[in-house]
Amino acid sequence: MKKQDRKCRAEALEKANVLVEAMPWIHRMNGRTVVVKYGGAAMEDPKLCKEVVADIELLKLMGMRVVLVHGGGKAINQLLGKLELPVHFKDGLRVTDDATMEAVAEVLIGKVNQELVWALNEYGNNAVGISGADGKTLVCYQVDPGLGHVGEVRKVNTGLIQSVLDDGYIPVIASVGCGPDGLYNINADIAASKIAQALGAHTLAYLTDVDGLYGDIDNEESLISSLNLYEAHLILDSGELSAGMIPKIRSIVEALESGVHDVRIMNGTFPHALLLECFTDAGIGTVFYQE
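In this report, we go over the structure that sits alongside the text. (Residues numbered from 1 in each chain as written. Predicted model: local features only at pLDDT ≥ 70, side-chain atom pairs only at ≥ 80, totals over all residues. Heavy atoms only, no water.)

### Digging into the environment of cysteine 278
Stage number 1. Tracing the sequence through the fold places cysteine 278 in helix H9 (residues 273–279).
Stage number 2. Look at cysteine 278 and you get buried, because its relative accessible area is 8%.
Stage number 3. Cysteine 278 sits 252 residues away from isoleucine 26 along the chain, and the two C-alpha atoms are 8.8 Å apart.
Stage number 4. Once residues within four sequence positions are removed from consideration, cysteine 278 is found in contact with Trp25 and Arg264. (Helix = DSSP H or I, 4+ residues; strand = E, 2+ residues; numbered from the N terminus. Buried < 20%, exposed > 50% of the residue type's maximum accessible area, 1.4 Å probe, protein only. Contact = heavy atoms within 4.5 Å.)

If you want it as C-alpha cells, here you go:
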C-alpha cells in the first residue's frame, strides 16, 4: 500500500489552485485565434524548445486556434559565418543581398520550420509547415533597395492558414514572403503582427529572449507589466528603444490599432513562460492593450 504524505498533498493542492486560477482565462480564450511568434535564444536550447512546443500543444488542447510564426536569426548568422558572408543590420532589419537571401530561405524553410513541425508532431499529427511564400500567404514589396531582399508585407492571404486551422492542425509559418521578383526576408515580429491582424486574432504573443519592456533597461526592477496603446505610442516616439526593439513595438502598435485584443512580450527562456503569461493573474512579461 502506498501512502500519500503531506508534501505530496500540498504539491497537488498547489497544482489544483493553479488550474482554478487559469479557468476563467481558458474560458475566455476558448475558440480564439492566438498567434505565437517564436524566436531568440529560446530556440537554441533543445530543452526549452521542447517546453515551448508542449505549451503550444496545450493551447491547442484548450480549444485555441494556434498559429506559430518563427524566425531564426541566430541560425542564419551561424550559416552566414560558415559561408563567410557578412552580417549587417539597419534599423533592426537584416541587410539581405542575393546570397544572404538564399541562406535565409535554407535556414528558415529547410531547417527551423521542419524542426518545429517535427517537435510538434511528437505529440500527434498536429502541425503543418509552410512559409509565407506558400499560397502567396505573405505578399511583399521591397522596403528599401539598400536592404536588398527585405520585404514589407503588402497583403496577407489567409486562405491556406485558415484551411490548416480548420483541418485541426497548427500552421507553422516561416517568415519568408514572396514578391514579383522572388523571395523576401521578413522580420518575424512584423510577419506575426500582419498575420494576427489578417486573422482577426485575439492575442499575439512574442516569445523572445527579453523579459518584456523595461522603463529603464539597466534596472531589472523596472519591468512594465502592462500598458495601453497610447502609452505604447509614447514609448515608440521617445527615441529610447534599442534597434532590435523598434520593429517589435511598431508591430505591436499596428496590431492593436487593427483590432488585436492584446499583445504580449515574454522571455521564452523562462520555463512555460507562455502559460504563465496567458493564464495567471500576475503574468510574467509585458502585455499591451488597446485601452
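Structure shown, so let's carry the discussion forward.
### Focus: the state of the cysteines
Stage number 1. One pass over the structure, following the stated rule, counts zero disulfides.
Stage number 2. The thiol of cysteine 178 is not disulfide-bonded; the next cysteine sulfur, from cysteine 140, is found 6.5 Å away.
Stage number 3. Residue cysteine 178 is classed as buried on the basis of its relative accessible area of 11%. (Disulfide = S-S within 2.5 Å.)

### Some thoughts on the pattern of salt bridges
Stage number 1. Under the definition given, this model contains nine salt bridges.
Stage number 2. Where aspartate 189 meets lysine 248, a salt bridge forms, and the shortest distance between an N and an O atom there is 2.9 Å. You can see aspartate 189 sitting in helix H6 (residues 188–199) and its partner lysine 248 sitting in helix H8 (residues 245–257), a full 59 residues away along the chain. You'll find aspartate 189 and lysine 248 in the same group, each marked buried.
Stage number 3. Through salt bridges with shared partners, one network takes in Lys37, Asp189 and Lys248. (Salt bridge = Lys/Arg side-chain N within 4 Å of Asp/Glu carboxyl O.)

### Quick look at unusual backbone geometry
Stage number 1. Positioned with a positive phi, glutamate 84 is a non-glycine residue whose angle comes to about 60 degrees.
Stage number 2. As for its position among the elements, glutamate 84 is in the loop between helix H3 (73–82) and strand E3 (89–90).
Stage number 3. Given the relative accessible area of 71%, glutamate 84 is considered exposed.
Stage number 4. Located in the positive-phi region is histidine 272, a residue other than glycine, with phi close to 55 degrees.
Stage number 5. One can find histidine 272 in the loop between strand E15 (262–267) and H9.
Stage number 6. According to the relative accessible area criterion, histidine 272 is partly exposed, its value standing at 34%.

### A closer look at the side chain of threonine 286
Stage number 1. Structurally, threonine 286 can be placed in strand E16 (residues 286–289).
Stage number 2. A polar contact is formed between the side chain of threonine 286 and the backbone oxygen of isoleucine 224, at a distance of 2.5 Å.
Stage number 3. For threonine 286, the contacting residues outside a window of four places in its chain are Asp211, Gly212, Leu213, Leu223, Ile224, Ser225, Leu227, Val263, Arg264 and Ile265. (Polar contact = N/O pair within 3.5 Å; in protein donor to acceptor, adjacent residues only side chain to side chain.)

### Things to note about the sheet that holds strand E2 (residues 65–70)
Stage number 1. One open sheet accounts for eight strands, arranged E5-E8-E2-E1-E11-E15-E16-E14; its pairing is mixed. In this open sheet, the two strands that pair with only one neighbour each are strand E5 (127–131) and strand E14 (226–228). Between one strand axis and the next, the sheet turns through 20 degrees on average, direction left out of account.
Stage number 2. Across four bridges, E15 lies against E16 in antiparallel orientation. Bridging across to E16, arginine 264 finds its partner in valine 287.
Stage number 3. Running at roughly 155 degrees to E15, H8 makes contact with strand E11 (203–208), E15 and E16 of the sheet. (Pairing = 2+ DSSP bridges. Axes fitted to C-alpha atoms, helices over the stretch in contact; angles between N-to-C directions.)

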